[in-house]
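# Tertiary structure, described
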Amino acid sequence: MGEATVIILHPGADGEGPLTRLLAEARDRLVAHQARLFEGAGAHVVRIERGAREASFGERLAALAGGAPGGLIILGAGAAPRLSPADARRLVVVAGGGGRRALTNNRYSSDVCAVSDAGALRDLPPLRGDNALPRWLAERAGFAVAELAGRERLALDLDSPLDLALVALLPRPPAGLGRLARERDLAVPRLEELRAVAADPRREVLVF
């Protein structure tokens, strides 16, 4: 198997408010957890790229890919906290497997993506975000793009304190995220009512 490099884009705290700092701390813990996850899955290098984005996602990724031999796995800080060791291994296998293959959590709303040939990313246009990367790989670069199992499981990101409260409900939250939520008294509002509605096939939930 060839080399697989993992790059985690971590902009850090964007502001000084208490909720912003809380979310930054949660993402710090998740980044450290995921770095260990990918190292255990066999990734050759795990790089954490810190700092605010000065260019588009496409331009930044094209520049980063220039120094990555073999394949590449790209994700943002806060992405896919429910990523499992098995998911990480599949991503590493694709990134290190050669050919023109890609693997993502969602081809239409990508949060983590493995690309078997990092060199192909040097031709990326200035994509505004990571959501369009799998479609560009399939439609413009000739990659066979597959999805990880469990699209719904991997759709949750740490984008708000409520997301941290949701992750804390897992039986085994990643790397102290459950403890952080308890320390800050985070909870999902009206949780028992929501559970009752979700368990009743005769009832409906409207999200707007």
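Let me sum up the structure you'll find in this document. (Residues numbered from 1 in each chain as written. Predicted model: local features only at pLDDT ≥ 70, side-chain atom pairs only at ≥ 80, totals over all residues. Heavy atoms only, no water.)

Summing up its helical and strand segments, the protein chain has seven helices and six strands in all. The helix and strand sequence of the protein chain, counted from the amino end, reads β-α-β-α-β-α-β-β-α-β-α-α-α. The C-alpha radius of gyration computed for the protein chain amounts to 18 Å, which stays within 12% of the reference 17 Å derived for 208 residues, consistent with globular compactness. With the C-alpha coordinates of the protein chain rotated into their principal frame, the extents come out at 50 × 40 × 30 Å. Sorting the 208 residues of the protein chain into buried and exposed places 44% on the buried side. Considering only residue pairs separated by 6 or more positions, the protein chain has 69% of its internal contacts joining residues 24 or more positions apart. For the protein chain, the centre of its 28 positive side-chain charges and the centre of its 26 negative side-chain charges are spaced 4 Å apart. (Helix = DSSP H or I, 4+ residues; strand = E, 2+ residues; numbered from the N terminus. Rg over C-alpha atoms; globule rule 2.2 N^0.38 Å. Buried < 20%, exposed > 50% of the residue type's maximum accessible area, 1.4 Å probe, protein only. Contact = heavy atoms within 4.5 Å. Lys, Arg positive; Asp, Glu negative; His and termini not counted. Charge placed at Lys NZ, Arg CZ, Asp CG, Glu CD.)

For the rest of this paragraph, the subject is the pairing of strand β4 (residues 101-104). Across four bridges, β4 lies against strand β6 (residues 144-147) in parallel orientation. Note that in β6 the partner of Thr104 across the bridge is Glu147. Pairing geometry for β4 and strand β5 (residues 112-115), over three bridges, is antiparallel. When the bridges of β5 are listed, Leu103 appears paired with Ala114. (Pairing = 2+ DSSP bridges.)

Bringing the environment of Asp111 into the picture now. Structurally, Asp111 can be placed in the loop between β4 and β5. For Asp111 and Val205, which are 94 residues apart along the polypeptide, the C-alpha to C-alpha distance reads 26 Å. If we skip the residues at most four places from it in the chain, Asp111 touches Ile74, Leu75, Gly76, Ala79, Asn105, Asp130, Leu154 and Asp157.

Right, let's get into the side chain of Thr5. Position of Thr5 among the secondary structure elements: in strand β1 (residues 4-10). Here Thr5 falls in the buried class, since its relative accessible area comes to 3%. Once residues within four sequence positions are removed from consideration, Thr5 is found in contact with Val45, Arg47, Ala68, Pro69, Gly71, Leu72 and Ile73.

So, about the sheet that holds β4. Sheet strands pair by backbone hydrogen bonding; their relative direction is either parallel or antiparallel. With mixed pairing, the six strands of this open sheet are ordered in space as β2-β1-β3-β5-β4-β6. In this open sheet, the two edge strands, each paired with only one partner strand, are β2 (45-50) and β6. Across the sheet, the axes of successive neighbouring strands diverge by a mean angle of 15°, strand direction being ignored. (Axes fitted to C-alpha atoms, helices over the stretch in contact; angles between N-to-C directions.)

What follows covers the nonpolar core. Grouped together as the largest cluster of nonpolar side chains are 24 residues, with contacts concentrated most on Leu121, Leu133 and Leu137. The element best represented in this core is helix α2 (residues 57-65), accounting for five residues. Setting aside residues up to four positions removed in sequence, Leu137 forms contacts with Ala102, Cys113, Val115, Leu121, Gly142, Phe143 and Val145. Judged by nonpolar contacts, the second largest core, of 23 residues, contains Val6, Ile73, Leu75 and Ala88. (Core = buried A, V, L, I, M, F, W, Y, C linked by side-chain atoms within 4.5 Å.)

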